[in-house]
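Breakdown of the fold
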Amino acid sequence: MDVRRARPEDVDEICRGLPETWFGTSWGDVPTWLVPLRVKGDKGRGFVLHRKPHRSAIDPGTGEPYDDLLVVRTADEDATRALVEADGPFFTIDHFRGFNAVLVQQSRLGEVTRDELAEVITDAWLATAPKRLVREFLA
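Below: a short report on this structure. (Residues numbered from 1 in each chain as written. Predicted model: local features only at pLDDT ≥ 70, side-chain atom pairs only at ≥ 80, totals over all residues. Heavy atoms only, no water.)

Observations regarding the packing of aromatic side chains
Rule in force here: Aromatic contacts are taken between Phe, Tyr and Trp rings whose centres are within 6.5 Å, Trp giving its six-membered ring; a plane angle under 30 degrees counts as stacked, one over 60 as edge-to-face, and the others as tilted. Between buried and exposed lies partly exposed: a residue is buried under 20% and exposed over 50% of the maximum accessible area for its type, with that area taken using a 1.4 Å probe on protein chains only.
Within this structure, the stated rule accounts for four aromatic pairs. With a centroid separation of 5.8 Å and 45° between ring planes, the pair formed by Phe96 and Phe99 is classed as tilted. Given a relative accessible area of 32%, Phe99 falls into the partly exposed group.

Written as structure tokens, this is what we have:
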């Protein structure tokens, strides 16, 4: 059990440790951790994205767009709600209404343990990876 506080560099370590993942881009040029949609070598689907600053996500303290946001997929609306309503750094914005994902500032990752972050990221991977790959991983 790893009870140390999560750090931004843990994101890449955790994502890299999941089966058949790679760091690439999605939505044009958005840095993204990807997993294949169906077969190894396809364009992939993102499960953790580094979101560019955008007027749809404004820091209430500064009035400026957040510049360190990660978008982390969730399995469904209930999983999104559970993370947002928990006492932690995960939140959502109107722009993501109806999309199974949460946002988190990298600067706030220390509010959770590395194990908790690993669970959230692994759940994102499980929600995104092909069923065959999920079965193999869980076996």
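Focus: the pairing of strand E5 (residues 101-105)
The two faces of the sheet receive side chains in turn, since in a regular strand these alternate between them. Here is the rule we go by: Elements are defined by DSSP. Helices are runs of H or I of four residues or more, strands are runs of E of two residues or more, and each kind is numbered from the N terminus.
In terms of residue burial, E5 counts as a mostly covered element, since five of its five residues are buried. Burial along E5 is two-sided: the face carrying Ala101, Leu103 and Gln105 and the face carrying Val102 and Val104 are both buried.

Concerning the layout of surface pockets
Selection criterion: Lining residues are those with an atom within 4 Å of a point, where the points come from a 1 Å grid over the protein atoms alone and group into cavities, where a 1.4 Å probe fits but cannot get out, or pockets, open sets with protein on both sides within 12 Å along at least five of seven lines. Grid points are joined across faces, edges and corners, and a volume is the space filled by probe spheres set on the points.
By volume, the largest pocket is sized at about 310 Å³. Lining the largest pocket, in full, are Trp27, Val30, Leu49, Arg51, Lys52, Pro53, His54, Val71, His95, Phe96 and Phe99.

A look at the environment of Gln105
As a reminder of what qualifies: In this description, contact between two residues means that some pair of their heavy atoms is separated by no more than 4.5 Å. Pairs of N or O atoms are called polar contacts if they sit within 3.5 Å, as long as, within protein, a hydrogen donor faces a hydrogen acceptor (for residues adjacent in sequence, only side-chain-to-side-chain pairs).
Residue placement: Gln105 occurs in strand E5. Expressed as a C-alpha distance, the spacing of Gln105 and Val48, which sit 57 residues apart in the sequence, is 12 Å. Sequence-distant contacts of Gln105, that is, excluding residues within four places in its chain, are made with Tyr66, Asp68, Leu69 and Phe91. Of note is the side chain of Gln105, whose polar atom sits 3.5 Å from the side chain of Asp68.

Looking at the nonpolar core
Operational definition: The definition of a nonpolar core used throughout is a set of buried Ala, Val, Leu, Ile, Met, Phe, Trp, Tyr and Cys residues joined through side-chain atoms within 4.5 Å.
Core analysis: the biggest nonpolar cluster contains 25 residues, and Val11, Phe47, Val48, Val72, Leu117, Ile121 and Trp125 have the highest contact counts within it. Of all elements in the fold, only helix H1 (8-16), strand E2 (30-35), strand E3 (45-51), strand E4 (69-73), E5, helix H3 (114-128) and helix H4 (131-138) reach the threshold of two or more residues within this core. Per-element accounting of this core gives the leading share, six residues, to H3. Contacts of Val48, omitting those with residues within four sequence positions, involve Val11, Cys15, Pro31, Thr32, Trp33, Leu70, Val71, Val72 and Ile121.

Considerations on the pattern of salt bridges
Spelled out, the test is: Just to be clear on terms, a salt bridge is a Lys or Arg side-chain nitrogen sitting within 4 Å of an Asp or Glu carboxyl oxygen.
Tallying each qualifying case throughout the model produces 13 salt bridges. The shortest N-O distance in the salt bridge between Asp10 and Arg7 comes to 2.8 Å. Given the relative accessible area of 31%, Arg7 is considered partly exposed. Counted as one network, the salt bridges with shared partners bring together Arg4, Arg7, Glu9, Asp10, Glu13 and Arg114.

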